[in-house]
Amino acid sequence: MNNQELAKVFSEIAQYLEMEEIPFKPQAYEKVSETLGTMSQDISDVYKQGGLGAVEEIPGVGENIAKKIEEYLKTGKVSLLEEYKKKIPIDINNLSKIEGLGPKRMKRLYDELGIRTINDLDEAIKEQKIRDLTGFGEKSEDQISIALDFFKSHHGRFILGFAYDEIQSLKNRVGAIPGVRQAEIAGSARRMKETIGDLDILVMVDNAAAKKTIDGIVQAFSSLPEVRHIYASGESKVSVRLESGYDADLRIFKRDEYAAGLLYFTGSKEHNIWLRKLAIENGMKLNEYGLFSKSSQTAIIAKTEKGIYRQLGLPYFPPETRERFVSEKGLENRERLDDLIDYGDLKGDLQIQTSWSDGQNSIEECANQAIEMGYEYILITDHSKRLGVAHGLDARRARDQWREIDKINDKMSREGKKIRILKGIECDILRDGSLDLPDKILQELDLVGVSVHSYFNLPLAEQTKRIEKAMENKHVDIVFHPTARQINRREEINLDIPLIIKRAKETGTALEIDSFPDRLDLRDDYIYQAAKEGVKLVIDSDSHSIDHFRYIRFGIAQARRGLALKKNVLNTQSVDDCLKTLQK
Ligand code: DGT
Ligand code: CA
Ligand code: CA
Ligand code: ZN
């Protein structure tokens, strides 16, 4: 997959253009970068199958950008970027991950202090050099310093959702290597953690597999085009750096050992330690090669993960839940496993942006995509007017949109398509907790979602009050991405979470689990608390393109990690029930 690399290239070009203060173009490049970064089809396949013409079909891609894509696919480089890199040689890729450090500021830091890298930035902060630049000051220096600490502590972990397609295709390639009976992803990726440190791949071979077969698998894996560098290669394992930038460990197990290997390398480490302790307490021994009885140190007594759990007197823990079950005490939650929300339980998606604001597709295209997903309904939630950059809707355009939705609903039902398009909004919560659109608009909508897109740094009491006030509005049904974090980029806003959960319950407001891979907001611990309190939850994709609908998987995984039950999640219900329970 070249998509992620190419997305990075265009994002860097966008930032260079902005440094040069070239109007409009930066936004165009940034948009294409986002599209490439999240589209499901491999860009090199698009080009191979349909040439430049097909590339130009991609939303936002004109002739000029298409040619640059072609140049990259042919040469691995885009000359415009190479020229910029010579002129302004800074590590944009990392520096731009520092919240608050936009292109113009990066350029000034380079021009005036010679800052090219994260290390340079670190030193400049330690020497308190940044505060003396005009337009920066002590407060800016502090903010950059905090953002830098955040960057350092999260650096090196990859967002699972953005790497997922590549991981699946790698798994399939490994599965096709001769002698491989089965290949599976283990580790944090199997637990569907938000981010992964490295990738763990497990391979099963026959019990009788010869050393030659196993060596052949190690060899074949090491020479896959996805592998850039081999760190270490042993008898039945190999560690590599992948082209996409992260590391992968491959391990090979014989059929009889495989279940214990899978259990061990799925983790979490704490889960493993607990299981090993339970085994010892029950006179057994558990390691990555098997569960052994006391009487015989050689006979493996369980050949599936389920079997191992059963021997230990435990229910089967789906991988997503294994971080939450790490001691006897956790077992008070064991009956929640029976009713856990599952992939495929959702009947509708409740956060979809269309081309009416900053989405890429029309309402009708989104409705058709919803049918593909097997949904019965979707809620259209374009942004409200305060988000000028997103062309948010004012009252007049909201009304225009409702007429359009009515028309498309009619058209689709005439065509025999079973989907209901609901009228919604993603309305900005203003600084004081009031809303960006008047009640007389909100009351006309099927469902109203509200969210924070500004003033991220308010103190705890003020920020909490702000959300509370929004929830108290009788038209507000859902709080979207309640903590407003962006993984690897921005911390959560300051919120008194227990109080928000309590007030959500009292006001009958639902909290969202936003599935977009770099949001996953609420996070699992908050989902756990909210679900236990019986707060209404919804899971949706926050799609800005029909290519994003598939991200719903990560929101469902997040909900499972928080032990949310099907009944906690209201868009598992049919459209009428869902509306009845969600509307205040
Ligand atoms: P990551 O890679 O940081 O996202 O997280 P994991 O969980 O994938 O961790 P990783 O790749 O270091 O190891 C994979 C699994 O192997 C881990 O989830 C549990 C198991 N494991 C690794 N080291 C230990 C250990 O020292 N003790 C035990 N009991 N299990 C371990
Ligand atoms: Ca790992
Ligand atoms: Ca590993
Ligand atoms: Zn948006």
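Residues numbered from 1 in each chain as written. Chains lettered and ligands numbered in written order. Predicted model: local features only at pLDDT ≥ 70, side-chain atom pairs only at ≥ 80, totals over all residues. Heavy atoms only, no water.

A. Quick look at the sheet that holds strand 5 (residues 227-233). Strand order in the open sheet formed by five strands is 2-4-7-6-5, with mixed pairing between adjacent strands. Either end of the sheet is taken by a strand with one partner, and the two such strands are strand 2 (182-186) and strand 5. Pairs of neighbouring strands in the sheet enclose a mean axial angle of 25°, with direction left out of account. Where strand 4 (residues 199-205) meets strand 7 (residues 247-254), seven bridges bridge the pair, whose relative direction is parallel. From the neighbouring strand, valine 205 faces strand 7, where its bridge partner is lysine 254. Set on the sheet, helix 12 (residues 211-222) makes contact with strand 4, strand 5, strand 6 (237-242) and strand 7; between it and strand 7 the angle comes to about 160°. (Pairing = 2+ DSSP bridges. Helix = DSSP H or I, 4+ residues; strand = E, 2+ residues; numbered from the N terminus. Axes fitted to C-alpha atoms, helices over the stretch in contact; angles between N-to-C directions. Contact = heavy atoms within 4.5 Å.)

B. Expanded view of the layout of surface pockets. Estimated volume of the second largest pocket: approximately 540 Å³. In terms of lining residues, the second largest pocket is bounded by 18 residues, among which Glu99, Gln143, Ile146, Asn457 and Arg490 are the most central. Broken down by element, the lining of the second largest pocket gets its largest block of residues, six residues, from helix 9 (residues 137-154). Of the residues in the lining of the second largest pocket, the class split is six nonpolar, five polar and seven charged. (1 Å grid on protein atoms, 1.4 Å probe; cavity = no way out; pocket = protein on both sides within 12 Å on 5 of 7 lines; lining within 4 Å. Points joined across faces, edges and corners; volume = space filled by probe spheres on them. Nonpolar A, V, L, I, M, F, W, Y, C, P; charged D, E, K, R; others polar.)

C. Representation of the coordination of the zinc ion (ligand 4). Taken together, the protein donors to the zinc ion (ligand 4) comprise Asp358 (OD), Asp358 (OD), His383 (NE2) and His544 (NE2), at separations of 1.8 to 2.7 Å. Considering all four donor atoms around the zinc ion (ligand 4), angles at the metal cover 49 to 152° and the coordination shape is irregular. For the zinc ion (ligand 4), the donor residues sit on a single chain with the sequence spacing D-x24-H-x160-H. Residue aspartate 358 is located in the loop between strand 10 (348-352) and helix 16 (363-372), and its partner histidine 383 is located in the loop between strand 11 (377-380) and helix 17 (395-414); the two are separated by 25 residues in the primary sequence. (Donors = N, O, S within 2.8 Å, 3.2 Å for Na, K, Ca; no water. Tetrahedral: all angles 85-135°; square planar, octahedral: opposite > 155°, others 65-115°.)

D. Structural context of the domain arrangement of the protein chain. Taken domain by domain, the protein chain consists of domain 1 (2-154), domain 2 (159-339) and domain 3 (348-582). For domain 1 and domain 2, the distance between their C-alpha centroids amounts to 37 Å. Interface area, domain 1 with domain 2, both sides summed: about 260 Å², of which 41% is carbon and sulfur. Remark: the boundary between domain 1 and domain 2 carries one residue pair in polar contact (both at pLDDT 80 or more). Here the residues of the side of domain 1 that touches domain 2 are counted per class, giving no nonpolar, three polar and one charged. (Domains from an automatic or database assignment. Buried area = accessible area lost by both parts, 1.4 Å probe. Polar contact = N/O pair within 3.5 Å; in protein donor to acceptor, adjacent residues only side chain to side chain.)

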